[in-house]
Number of protein chains: 2
Amino acid sequence: MTTTAERTRKLVYRFDEGDASMSDLLGGKGSNLCEMVRMGLPIPPGFVVSTEVCRDYLTNGHQVPQGLHQSITENLRWLEKAIGRSFGSATNPLLVSVRSGAKISMPGMMDTILNLGINDQVVQGLATLMGEERPAYDAYRRFLQIYGEVVLEVKRAIFEEILSQEKSQAGVSLDYELSADQLRGVVADFKSAIRSEAGVDVPEDPWEQLAEAVEAVFRSWDTPRAVFYRDHNAIPHDLGTAVTIMAMVFGNLGSTSGTGVLFTRNPSTGQREIYGEFLSNAQGEDVVAGVRTPEQISGLFEVMPEAYWKLIELAHRLESHYRDVQDIEFTIENSRLFLLQTRNAKRTPTASVRAAVDMVREGMIDRNEALRRVDPEEVVQLLVPQFEVDLGSEEVRSKFLTRGSPASPGAATGRVYFDASRAASVAAQGLSVILVRAETRPDDIHGITASAGVVTGRGGVTSHAAVVTRGLGKPCIVGCESAMIDVEQRLFVANGRTVREGEDISIDGATGDVFYGRLETTRPKLEQLGEANELLAWADQTRKLGVMANADTAADAIQALAMGAEGIGLCRTEHMFLDPQRLPVVRQMLLNAPAAEEWRRGQDSQPGASRGTPDLPGPVGDFYHALARVLELQTQDFIAILSVMGQRPVIIRLLDAPLHEFLPPYEALLIEMVELRAKGAPAAEIREKEAFLRLVDSHRESNPMLGHRGCRLGISFPDIYRMQVEAIITASAELIKRDVRVNPEIMIPLTVDVREMRRLRQILTVAADRVQENLGVKVPYKFGTMIETPRAALTAGEIAKESDFFSFGTNDLTQMVYGFSRDDAEGKFLRFYIEQDILTADPFATIDADGVGLLVRMAVDAGRRVRPDLEIGICGEHGGDPASVAFCHDAGLDYVSCSPYRVPVARLAAAQAALASGQQ
Amino acid sequence: MTTTAERTRKLVYRFDEGDASMSDLLGGKGSNLCEMVRMGLPIPPGFVVSTEVCRDYLTNGHQVPQGLHQSITENLRWLEKAIGRSFGSATNPLLVSVRSGAKISMPGMMDTILNLGINDQVVQGLATLMGEERPAYDAYRRFLQIYGEVVLEVKRAIFEEILSQEKSQAGVSLDYELSADQLRGVVADFKSAIRSEAGVDVPEDPWEQLAEAVEAVFRSWDTPRAVFYRDHNAIPHDLGTAVTIMAMVFGNLGSTSGTGVLFTRNPSTGQREIYGEFLSNAQGEDVVAGVRTPEQISGLFEVMPEAYWKLIELAHRLESHYRDVQDIEFTIENSRLFLLQTRNAKRTPTASVRAAVDMVREGMIDRNEALRRVDPEEVVQLLVPQFEVDLGSEEVRSKFLTRGSPASPGAATGRVYFDASRAASVAAQGLSVILVRAETRPDDIHGITASAGVVTGRGGVTSHAAVVTRGLGKPCIVGCESAMIDVEQRLFVANGRTVREGEDISIDGATGDVFYGRLETTRPKLEQLGEANELLAWADQTRKLGVMANADTAADAIQALAMGAEGIGLCRTEHMFLDPQRLPVVRQMLLNAPAAEEWRRGQDSQPGASRGTPDLPGPVGDFYHALARVLELQTQDFIAILSVMGQRPVIIRLLDAPLHEFLPPYEALLIEMVELRAKGAPAAEIREKEAFLRLVDSHRESNPMLGHRGCRLGISFPDIYRMQVEAIITASAELIKRDVRVNPEIMIPLTVDVREMRRLRQILTVAADRVQENLGVKVPYKFGTMIETPRAALTAGEIAKESDFFSFGTNDLTQMVYGFSRDDAEGKFLRFYIEQDILTADPFATIDADGVGLLVRMAVDAGRRVRPDLEIGICGEHGGDPASVAFCHDAGLDYVSCSPYRVPVARLAAAQAALASGQQ
């Protein structure tokens, strides 16, 4: 039954009957071709079968609606006229392409058939048209294969097998080396294979071919891979696909034909110049097959100046129309120029930034559009070292060793070392070093700092190595699970090759690839960043979020300022503790802290200051002597960093890491001890070792991430926090005396309850007041906390009563919200979860809006209710991730803080977030 | 300036002018004495200075209001008449007590002065009254000391020093051994000490003494300890205290005087009988000092039958009035009976339950009142073994070794073993064993099961040892930090004593005390639980919450039913895996799981069933053989447990623990390996050891609590979960065939995202369907999840879409919400946090309503919005904690689940929660 409405419904649209707004009905590709025709561009003629037809077909038991065949026939008749060829003609044949195209692009998911309309007679006509038989038979065998696969569901392997036999009989290795005769043989073999596999022939009748092909495209909407893709990308299953039928044009009809590709600007540099390649008397696949080397686009000017100028004019029109760099495919058939496709050009980060800024200067787009258009990740890629060589080359590929997770971008080359101290001492001789470890520990910091790059066997993109290297702006690859790293033997084995200490490797932190040997690198020149700086300045005017940097030293702080940071959002004091020169005195302080605290609690008086060290023997005295020395060192640290930052805020986090991070690894000590015993070492030596082993053991924890760290240390051993605050206030006071304005903020980590804050605020205010009194200087400072446990977020309203500011530590928060240990999850299951689509993204890389994000929003609301002027930021790794920056903007945070090298990313992402939310 | 209103305001109330409703004005103690006087009870006469006076005094610069002295004088004159003595008289003197008493009791926080009105003359009159000088001078020196301390702020140590010198000169060791003359010397020394310390004398004028004492009591409202106490207990600071002034009466005026204590029911058994002690011609402090042995209360009948019958009558009246067992202090002064105090009697758990149930039977209280009155913890104390000996005795105290955290109540005595296997094998010989470990691991389970009790050096009340023992209903003490446990040397050192393997110790899990040697224990007879069972039956009628038990075996399930559980809320399958007989096959399964999974993923077909094992060589075959064997074992386990429970729900949690828990400890293997190397063992042996070490190492994690466990294992190695579901469905089907109705529920642990549930539900439904098809039986089962990560709680609305039920795993949830590792926090900082009032309670013992509880409420709301019939319970340790049960009731949960031995606690606590919320 067909209703009147259906009978009169329009099923097929010529390109000149549609426009860009009709993508619901004509699909993205179809409506875009219509749009180009409306612009008067020379597109090969064609028409579109609407998505409605597809939906009908799929819901009505694979029946095409009445009138479709007639409509297609009418349109094809028109098409024949438009191109001046005849469908099925043995002398001047019209071939067509039949392409799928849904409203939302699903690249590669559905089917396309080229060269349709060919048969044993038509191929002769095509050969005449082309002037030779080889390309005509090549087109024929390609059609047979794709029709066989798509319409008749013959397995691809069967065609590949025939082709490969034919090549081996012919003694050639490449498809295009087959002669016309040999291809004729392939055609015959393909036909009989199809017959035996599918039980039918490919129709000789072009009309029948066309009808079958259209239905096959409809059916391809429901292939498992397409369904999976839509599930994965949240695309509705009831859209259906349109079918675009377009005349094939040929660039291989002689010296007035040709084909090429053109970019409206240089896709490598972004410079405004016509950039492209042209091959006369050729088809696109000749370019792909590499049989002939294409010329520069200027070559077209030599042979067909008219077509050249026409092309240039169209290129400019297209760029103006789409207001972006275009990548245009064209074919010239007997001096007649056809555009086959235009799309926004893929480009290097450099080109992306330059083109965007240039287009603003040219008045083509406004600043907001430029800000929207550049991917923030592109900005950071401008700043890292790059390989000079082509990584795709055979030679480089032959050096491939392993691929891990790309954790910090950039290229590096250097000698492999497996031990932080050895790495540091070799680097000190001026050699470039790559540190390779099973995983890094905080006490590897000197080795990481000294190395050009880091590779680890375990760990994810927020593991220790990853975080530290990103902060340092140096390349890092983590989780190289397929490499067998044997730190003890000082070697690793990957891809069958054994690499020993001192040998060269090269690493690409952007891809995760590790290569054997030296690949030279280059750092981008600063002047290349001219346009980037301009873009970022626009971003600064647009964004609402502040952007700060995580920086632990004066050198970091200088880098942070250079990158445009407005302050330091996280200054981690433990990194200062881990300097190998300082570690002995730090250990002396930490190991004796419990004894000293016990002594102090026994005293009746007001808690002792770290100045005025009690001169006691044993551990208590040792503790206070060490504390006094660390106080001096920390004061100098803070003077250095505060004097760089001046009046910009510097948020200093008090000691956070569990004590065992500062101690030697237990297992190494255990092995030493067992060995001492086995070799019958003197009893005294063993006893001493045992005592130390016990001490280190007493600091071990089953789950250190959930252990005795953060402000739990500050409450257990208040003298340490008191010392740190004295150092901050002393440093600030010294600078104020020198007329330097400073703005320190004291941050308490790992809070779970407001009473921790109340207790510490009371103790630390006393300490701060005493220093100010002694030095006779008033120091302005704030007192706040990290929100990094779920409980802190859940009770943020209470915590706000004792906090001038909140800083979300979303690394820890993510760990606890998911119950995922950063150190373990990546290699054990996290990557598999992402592959299997159980998680859509790595929650340590992009903030989890549903879980972690919900807690953040709850805490922001509760905190601001209690204290409307509460300063709120984020200082986890997420602060430098564009999607997370957008979340922070939406959640109403005041700022994000990230590694200095991610600051430009955050600046741009924050501007984009402001634009997306309509706040500028 | 005094207004008319003030002038006419009543400042002082005689006892007969007030009643129980006037506690705002007269304080708790004062208004209660008034109430007793209104009842016509023989209370020594007295009056109360109102709290208003105190507030005036404190806010008006320590000025008493006009008219106060006059009012006190008038009332004291009345008092003299009422008692027939004169204030300041040297022949028949009236002494008074001056006591503080706020509206809300603050025991011990404020001051009290006894024997006021005494001086050098009055003491003579008192001696006459008493018939001897010693007690009169004793009263005098006591008055001087307390007046000196409270009013004149002389340090207590000064008095103690004088007294101790006097005793040493007299060659006696106890206060009461001092003669009248020696006490006269003490009085003189006290006076001169006060003069030299305070610069003034204690007034000789009784009126002046009284005025000063009243003001001193007012001032005691603002002592630092009182302020701290109010802060701590959220008592307002502006209430002020009343002052009660009451005539002192004397039981030591001859043979018609005496003093005693009486309980209205036996405080030990709860039996309805008069129970008490009496001492003729004595004062209360003689009883305390132990100078004479009191007689049974029946002794009073012998000497003063009239007073005895009067007392019995009053006791009944008091019990009826207060509707609870009373603890009454009385004094008989010259045949005149005075009641000095009555209060609800402290009693044993047995007495508490019996008295409550009896009073319902007697019609004194209703069932709800009985349910409210019994502390749920008392019920559980009825069920555990108890020591037969008196723990307070000198002999027992001399055996004291150490005190840890009481983790599971009950007494046990037995031989110490430091190793689970040795403990198990000794226990198998019928000996009672106490397992002592630094901490327990899951593979100690056979040792724990075999032992009478467990002691650990580390860990808190929710550590492994604690949880397991509570589940088994056997005593456990954890965190004995002061004991040096040397497992290797098989000894521990505590309180200076070394205890070696095989020696006897005794432990009290209710107090945390460990004693050397055997202390005999007794288990309560079942018939003693008659009243408890009746009370619990009433509780069952009243409560709205269901009560289920955590039970892993058929034996547990039988115990759970005996305790009144309505089902099994948590059946942990890993405990079944840890049986030492099974461990080898379990290890074979787990260690080969990654290889097998890799093989399976390489297969094209539908995931292989665990039946129909592929007969492959190497790890894949090993895995499937082990899997098939474990399937058999698990099926038998489930048949056993399901047949015990019948149609009651049994919630079975699929494998949750990280794999490494089933493997030998890494460090032990490491030591073995280093030793092998050191002694030059054959290369092959070392290689094999190394390979195994690497395998175990590959399962180690930095933070196993946040690692590869729970449903992450199920997703990584679906064959294991599939096998468990096959076992559950097979067991159910077998029972259904035998006409046993079953109600299994399959629970997925550690979910973070609904997609985990969707994936697993899909896989496991296929497995369950196949078993049902094969066996031709339809098995009713539910599919649900634990909510134990913050993210599961935060996204519960999504997760509910794939869950028939939720069970809150609040142990893990608490760990993650706080970032507290259960295994580490207790010893490192949690206890200190609680001591320091940074946390008000151990969040692992009582649910944290503000943080964890907020997540629970959010998840309940979100889950029920999506699925109104969602079945919601809790299966963490909190399910057996009364405060947490009350929370669960308020949060709208359907049930709580806890260790079988905690089931009675939960039943009663749930009833109390229903009563408290007005839902019955």
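Residues numbered from 1 in each chain as written. Chains lettered and ligands numbered in written order. Predicted model: local features only at pLDDT ≥ 70, side-chain atom pairs only at ≥ 80, totals over all residues. Heavy atoms only, no water.

Helix and strand counts for chain A come out as 37 helices and 33 strands. Along the first, second and third principal axes, the C-alpha atoms of chain A reach 110 × 65 × 60 Å. The buried share of chain A, taken over its 920 residues, is 57%. Pairs at least 24 apart in sequence give 69% of the contacts found in chain A among residues at least 6 apart. Carbon together with sulfur atoms contributes 48% to the accessible area of chain A, which is approximately 35900 Å² in total. Positive and negative side-chain charges of chain A, numbering 96 and 126 respectively, have mean locations separated by a distance of 4 Å. (Helix = DSSP H or I, 4+ residues; strand = E, 2+ residues; numbered from the N terminus. Buried < 20%, exposed > 50% of the residue type's maximum accessible area, 1.4 Å probe, protein only. Contact = heavy atoms within 4.5 Å. Areas by Shrake-Rupley, 256 points an atom, 1.4 Å probe, with all protein chains shown as cover. Lys, Arg positive; Asp, Glu negative; His and termini not counted. Charge placed at Lys NZ, Arg CZ, Asp CG, Glu CD.)

To continue, consider the sheet that holds strand β23 (residues 504-508) of chain A. All names here are of chain A. Ordered in space as β14-β24-β23-β16-β17-β18-β19-β15, the eight strands form an open sheet in which the pairing is mixed. If you trace the sheet from one side to the other, it starts and ends with β14 (400-403) and β15 (405-408), each paired once. Direction aside, neighbouring strands of the sheet carry axes that sit 30° apart on average. Where β14 lies against strand β24 (residues 513-516), three bridges are found, and the strand directions are antiparallel. Considered in β24, the bridge of Arg 403 is made with Asp 513. Where helix α18 (residues 420-428) meets the sheet, it contacts β16 (411-417) and β17 (433-437), and its direction lies at approximately 180° from that of β17. (Pairing = 2+ DSSP bridges. Axes fitted to C-alpha atoms, helices over the stretch in contact; angles between N-to-C directions.)

Here we come to the environment of Ala 136 of chain A. Residue and element names in this part refer to chain A. Mapped onto the secondary structure, Ala 136 falls in helix α6 (residues 133-150). When the C-alpha positions of Ala 136 and Arg 184 are compared, they lie 9.8 Å apart, and in sequence the two are 48 residues distant. Those residues in contact with Ala 136, other than ones at most four positions away along the chain, are Ile 118, Val 123, Leu 126, Ala 127 and Met 130.

This next bit is on the pairing of strand β33 (residues 895-898) of chain A. Residues and elements named next belong to chain A. Burial along β33 is two-sided: Tyr 895 and Ser 897 and Val 896 and Cys 898, pointing in opposite directions, are all buried. Across four bridges, strand β26 (residues 546-550) lies against β33 in parallel orientation. Looking at the pairing, Ala 549 lines up with Cys 898 of β33. Across two bridges, the pairing between strand β32 (residues 871-874) and β33 is parallel. Bridging from a neighbouring strand, Gly 873 pairs with Tyr 895 of β33. Read as a crossover between parallel neighbours, the route from β32 over helix α36 (residues 882-890) to β33 is right-handed. (Right-handed = clockwise from strand over helix to strand, strands pointing away.)

Let us look at the interface of chain A and chain B. Counting residues at the interface gives 59 residues for chain A, matched by 59 residues for chain B. Counting the surface lost from both chain A and chain B, the interface buries some 5200 Å², and carbon and sulfur atoms represent 57% of this. When the buried surface of chain A facing chain B is broken down by residue, Leu 706, Arg 791 and Lys 828 of chain A rank first, second and third, together holding 12% of it. Our count for the contact surface shared by chain A and chain B stands at four salt bridges. A salt bridge links Asp 848 of chain A to Arg 791 of chain B, with the shortest nitrogen-to-oxygen separation between them at 2.7 Å. In this structure, the connection of chain A to chain B is made through 26 residue pairs in polar contact (both at pLDDT 80 or more). Secondary-structure elements contributing two or more residues to the side of chain A that touches chain B are α26 (666-678), α28 (711-716), α30 (754-775), α31 (790-794), α33 (810-818), α34 (822-835) and α35 (852-866) of chain A. The element best represented in the side of chain A that touches chain B is α26 of chain A, accounting for eight residues. Tallied by class, the residues present in the side of chain A that touches chain B amount to 25 nonpolar, 15 polar and 19 charged. (Buried area = accessible area lost by both parts, 1.4 Å probe. Salt bridge = Lys/Arg side-chain N within 4 Å of Asp/Glu carboxyl O. Polar contact = N/O pair within 3.5 Å; in protein donor to acceptor, adjacent residues only side chain to side chain. Nonpolar A, V, L, I, M, F, W, Y, C, P; charged D, E, K, R; others polar.)

This part takes up the sheet that holds strand β21 (residues 491-494) of chain A. All names here are of chain A. One open sheet holds the three strands; their spatial order is β20-β21-β22, and the pairing between them is antiparallel. The sheet is open, and its two borders are formed by β20 (484-486) and β22 (497-500), each paired with just one other strand. This sheet shows a mean twist of 15° between the axes of neighbouring strands, independent of strand direction. Sheet analysis places β21 next to β22, joined by four bridges and oriented antiparallel. Pairing of Val 493 across the sheet is with Thr 498, part of β22.

What relates the two chain copies is a rotation about an axis together with a slide along it. The operation relating chain A to chain B is a screw motion whose rotation component is 180°, with 0.2 Å of axial translation and a residual RMSD of 0.3 Å. Both chain copies can therefore be described as sitting about a two-fold axis. When C-alpha distances to the rotation axis are compared across chain A, the minimum falls at Asn 703 of chain A, with a value of 2.1 Å. Counting the interface residues of chain A, we find that 100% of their copies in chain B are interface residues as well, pointing to one common contact surface. (Least-squares fit on C-alpha atoms with pLDDT ≥ 70 in both.)

Turning our attention to the packing of aromatic side chains. The full count for this structure, using the stated rule, is 38 aromatic pairs over all chains. Between Phe 159 of chain B and Phe 190 of chain B, the ring centres sit 4.9 Å apart and the planes meet at 75°, which makes this aromatic pair edge-to-face. With a gap of 31 residues between them, Phe 159 of chain B in helix α7 (residues 156-170) and Phe 190 of chain B in helix α8 (residues 180-198) connect regions that are remote in the sequence. Three or more aromatic residues joined by ring pairs form one cluster here, namely Tyr 818, Phe 820, Phe 829 and Tyr 833 of chain A. Sitting above the plane of the Tyr 137 of chain B ring, Arg 184 of chain B keeps its charged end 4.7 Å from the centroid. (Phe/Tyr/Trp six-rings, centres within 6.5 Å; stacked < 30°, edge-to-face > 60°. Lys NZ or Arg CZ within 6 Å of the ring centre and 35° of its normal.)

On inspection of all chains with the given rule, the structure shows zero disulfides over all chains. No disulfide involves Cys 711 of chain A; its nearest neighbouring cysteine sulfur is the one of Cys 875 of chain A, lying 14 Å away. (Disulfide = S-S within 2.5 Å.)

All chains considered together, the criterion is met by 136 salt bridges over all chains. The structure contains a network of salt bridges with shared partners spanning Asp 324, Arg 347, Glu 369, Arg 372 and Arg 373 of chain A.

Right, let's get into unusual backbone geometry. One non-glycine residue, Glu 153 of chain A, adopts positive backbone phi at about 60°. Mapped onto the secondary structure, Glu 153 of chain A falls in the loop between α6 and α7 (156-170).

Take the environment of Glu 574 of chain A next. All names here are of chain A. Relative to the elements of secondary structure, Glu 574 occurs in helix α23 (residues 573-577). According to the relative accessible area criterion, Glu 574 is buried, its value standing at 5%. In this structure, Glu 574 is in contact with Arg 653, Leu 655, Asp 656, Ala 657 and Phe 662, ignoring residues within four places of it in sequence.

All names here are of chain A. This prediction gives chain A a mean pLDDT of 89; 96% of its residues lie at or above 70. Throughout residues 604-612 the model reports pLDDT below 50, and contacts reaching past four residues in sequence, or to other chains, amount to 16 contacts. Across the whole predicted complex the pTM is 0.81, and at the interface the ipTM reaches 0.80. (pLDDT = per-residue confidence, 0-100.)

What follows deals with helix α18 (residues 420-428) of chain B. Residue and element names in this part refer to chain B. For α18, every residue scored as buried is listed here: Ala 420, Ala 423, Ala 424, Val 426 and Ala 427. Summarising the axial view, the buried residues of α18 lie within an arc of 165°, below the 170-degree limit, and thus occupy one face. Lining the buried residues of α18 we find β16 (411-417), β17 (433-437) and α19 (445-450). Residue Asp 419 occupies the N-cap position of α18, its side-chain oxygen lying 2.8 Å from the main-chain nitrogen of Ser 421. Positioned one or two residues after α18, Gly 430 has a phi angle of 90°, which is positive. (Arc of directions from axis to C-beta.)

What follows covers the environment of Asp 443 of chain B. Residues and elements named next belong to chain B. With respect to the secondary-structure elements, Asp 443 resides in the loop between β17 and α19. What makes Asp 443 buried here is its relative accessible area of 15%. Sequence separation between Asp 443 and Glu 377 is 66 residues, and the spatial gap between their C-alpha atoms is 30 Å.

Residues and elements named next belong to chain A. As a packed pair, α33 and α35 sit with axes 10 Å apart at the nearest point and diverge in direction by 120°. With respect to α35, the axis of α33 lies oblique. Seen from above, α33 lies across α35 with right-handed handedness. Residue-level inspection shows Thr 810, Leu 813, Thr 814, Val 817 and Tyr 818 of α33 in contact with α35, the latter providing Val 852, Leu 855 and Val 856. Of the residues that constitute the contact of α33 with α35, the class distribution is six nonpolar, two polar and no charged. (Parallel < 35°, antiparallel > 145°, perpendicular 65-115°, else oblique. Left-handed = near helix turned anticlockwise from the far one by under 90°.)

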